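# Breakdown of the fold
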Amino acid sequence: MRVDVAPGVEKALREFVLPEELGFGAVDAPVMFSAEWRLGQWGPASLLPHGPIGIAPGARALHYGELVFEGLKAYRVSRAGPMAAGARCDQQPPNLFRPDQNFRRLQLSARRLSMPEVPEELFFAGLESIIRACADIIPRRSGQSLYLRPFLFGTESGYLLRNSHTFRFMVIANPVEAYASGSPSVAIERRDVRAASGGVGAAKTSANYAASLRGSSAAVAGGHAVALWLDAAEHRYVQELSGMNFFAVIDGDLHTPELDTAILPGVTRDSLIQLARHQGFEVHERRMDIDELLNQISSGRCQEIFACGTGAIVMPISALADTDARLFRPPQTNVIAARLREDLLAIQERRVPDPFGWVRVVS
Ligand SMILES: *Cc1c(COP(=O)(O)O)cnc(C)c1O
């Protein structure tokens, strides 16, 4: 499909300098992608210099949370070692990891909010035009990548409680380090609720983050990385972290909460389940009672816990903190998590063969 390249794009790319310190989202790629939907159809798509956008102050995305998004990474890691010597392996094209899954999830999120679907062609034109324009500024060290953030939002102004009639689909990007936070503790949130059964928890939409902000900020203020959420009806079953899915190693098997309408179906979660089974692990997707889990941690049956998502890939968790400040610390941290993280990252970075067909090269 045709993508108009706005004046200023070439200059923005030419003037961009990749800083040494990237962080996670601190550096903006110099270009962004945009297309608008009105009168029931998509208008022309364009690549623009990165910068502020005009939005009506009454836009529904701002007032009613009519916004869905995605997050995925493009990799272009340098090859090291004897094979690479003089082989110009750095010229290899960038690649995405399971972008079809992000496309599918964006459609499910849009459908849940009764927003128009982004056509597959438009979604990939957005990703690929940014990746091609930024190919030379994708950082090359293992763990680094170009993080891509596609999002769709309602732009119509007005207070009537219905969907917007106009929308905008955009993709912005950031060169990033692997989101690294060591092995933090995580705070169990027993009061607030992030997502209820039948709500929008399984959609990647701003509303879920709004609901989680107070718990997340309280967790950080208490010295923890983030909150662990429980189900809305009984405040008893583990859902996930504010932006990552949850796993526990119990008696040598992997356990993770089974998906429902309140849990975000992570691409990393699904990939780890498949990868772990491929490596011979038993993986159980089931309801996980928080108090049972805490007992298993205390008795040592639960050996290790970790979280996963595109940003961190796998984040080891050193302990769960309960609301009475008691800390539940499994006997080991970052043993199985580290192994799964490295094995998944090696596939994502094309350092090993990809038996699952997950990698998509952008030529
Ligand atoms: C995006 C997200 C995840 C992780 O999904 P990935 O596809 O693995 O990046 C988990 N939980 C929430 C709430 C999320 O928004």
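Residues numbered from 1 in each chain as written. Predicted model: local features only at pLDDT ≥ 70, side-chain atom pairs only at ≥ 80, totals over all residues. Heavy atoms only, no water.

### Quick notes on the packing of helix α6 (residues 267-278) against helix α8 (residues 336-348)
Keep this limit in mind: Inter-axis angles, ranging from 0 to 180 degrees, are taken between N-to-C directions of lines fitted to C-alpha atoms, where helices are fitted over the stretch in contact. Only DSSP runs of H or I reaching four residues or more are called helices, and only runs of E reaching two or more are called strands; each is numbered from the N terminus. Any angle between 65 and 115 degrees counts as roughly perpendicular, while under 35 counts as roughly parallel, over 145 as roughly antiparallel, and the rest as oblique. Working rule for contacts: check all heavy atoms of both residues, and any pair within 4.5 Å makes them a contact. For this classification, the nonpolar set comprises Ala, Val, Leu, Ile, Met, Phe, Trp, Tyr, Cys and Pro, the charged set comprises Asp, Glu, Lys and Arg, and every other residue, Gly included, is treated as polar.
Here α6 crosses α8 at 105°, and the two axes come no closer than 11 Å. Judged by the angle between their axes, α6 and α8 are roughly perpendicular. Residue-level inspection shows Thr268, Ser271, Leu272, Leu275 and Ala276 of α6 in contact with α8, the latter providing Leu340, Asp343, Leu344 and Ile347. Within the contact of α6 with α8, the residues separate by chemical class into 6 nonpolar, 2 polar and 1 charged.

### Quick word on the pattern of salt bridges
Stated precisely, the cut-off is as follows: Any Lys or Arg side-chain nitrogen located within 4 Å of an Asp or Glu carboxyl oxygen qualifies as a salt bridge. Relative accessible area decides the class of each residue, using a 1.4 Å probe on protein chains only: under 20% of the type maximum gives buried, over 50% gives exposed, and in between gives partly exposed.
Taken as a whole and judged by the stated rule, the model has 23 salt bridges. Across the pair Asp270 and Arg98 runs a salt bridge whose closest N-O atoms are separated by 2.9 Å. In this pair, Asp270 sits in helix α6 while Arg98 sits in the loop between β6 (95-97) and α3 (99-112), placing the two residues 172 residues apart along the sequence. For Arg98, a relative accessible area of 7% puts it in the buried group. Where Arg132 meets Glu128, a salt bridge forms, and the shortest distance between an N and an O atom there is 3.5 Å. In this pair, Arg132 and Glu128 both sit in helix α4 (residues 120-134), 4 residues apart, roughly one turn of the helix. Judged by relative accessible area, Arg132 falls into the partly exposed class, the value being 46%. Among the charged side chains, a salt-bridge network with shared partners connects Arg60, Glu156 and Arg162.

### Some points on the confidence of the model for the protein chain
What counts here: For every residue, the pLDDT score states the predictor's confidence, bounded by 0 at the bottom and 100 at the top.
The pLDDT averaged across the protein chain works out to 95; a share of 97% of its residues lies at or above 70. Low pLDDT, under 50, characterises residues 81-89; the predicted model gives this stretch 3 contacts beyond four residues in sequence or across chains.

### What about the packing of aromatic side chains?
Note the cut-off: Here a Phe, Tyr or Trp ring, Trp counted by its six-membered ring, pairs with any other such ring whose centre lies within 6.5 Å, and the pair is stacked when the planes are under 30 degrees apart, edge-to-face when over 60, and tilted otherwise. Both a distance and an angle decide whether a charge sits over a ring: NZ of Lys or CZ of Arg must be within 6 Å of the ring centre and within 35 degrees of the ring normal.
By the definition in use, this model includes 12 aromatic pairs. Ring plane angle 15° and centroid distance 4.1 Å describe the contact between Phe356 and Trp358, whose orientation is recorded as stacked. Overall, the relative accessible area of 22% leaves Phe356 in the partly exposed class. Given the relative accessible area of 5%, Trp358 is considered buried. Put simply, the rings of Phe33, Phe103, Phe123, Phe124 and Phe169 touch in pairs and so form one group of aromatic residues. Its guanidinium or amino end placed over the ring of Tyr237, Arg287 lies 4.0 Å from that ring's centre, counting from NZ or CZ.

### A closer look at the site of the ligand
As a reminder of what qualifies: One heavy atom within 4 Å of a molecule or strand is enough for the residue carrying it to be called near that molecule or strand. The term polar contact refers here to a pair of N or O atoms within 3.5 Å; inside protein, the definition further demands a hydrogen-donor-capable atom paired with an acceptor-capable atom, and it admits residues adjacent in sequence only when both atoms are side-chain atoms. Only the protein chains shown count as cover for residues, with accessible areas throughout obtained via the Shrake-Rupley method and a probe of 1.4 Å. Grid points spaced at 1 Å over the protein atoms alone were grouped into cavities, where a 1.4 Å probe fits but cannot get out, and pockets, open sets with protein on both sides within 12 Å along at least five of seven lines, with lining residues defined by an atom within 4 Å of a point. More than half of a molecule's atoms lying within 2 Å of a cavity's or pocket's grid points is what places that molecule inside it.
Around the ligand, the structure places 15 residues, and the nearest of them are Lys204, Tyr209, Glu240, Thr268 and Thr310. One nitrogen or oxygen atom from the side chain of Tyr209 is found 2.3 Å from an oxygen atom belonging to the ligand. Here Thr268 contributes a side-chain N or O atom positioned 2.6 Å from an oxygen atom of the ligand. Protein contacts shield 96% of the accessible area of the ligand, which totals 380 Å² for the unbound molecule. The site holding the ligand turns out to be the largest pocket.

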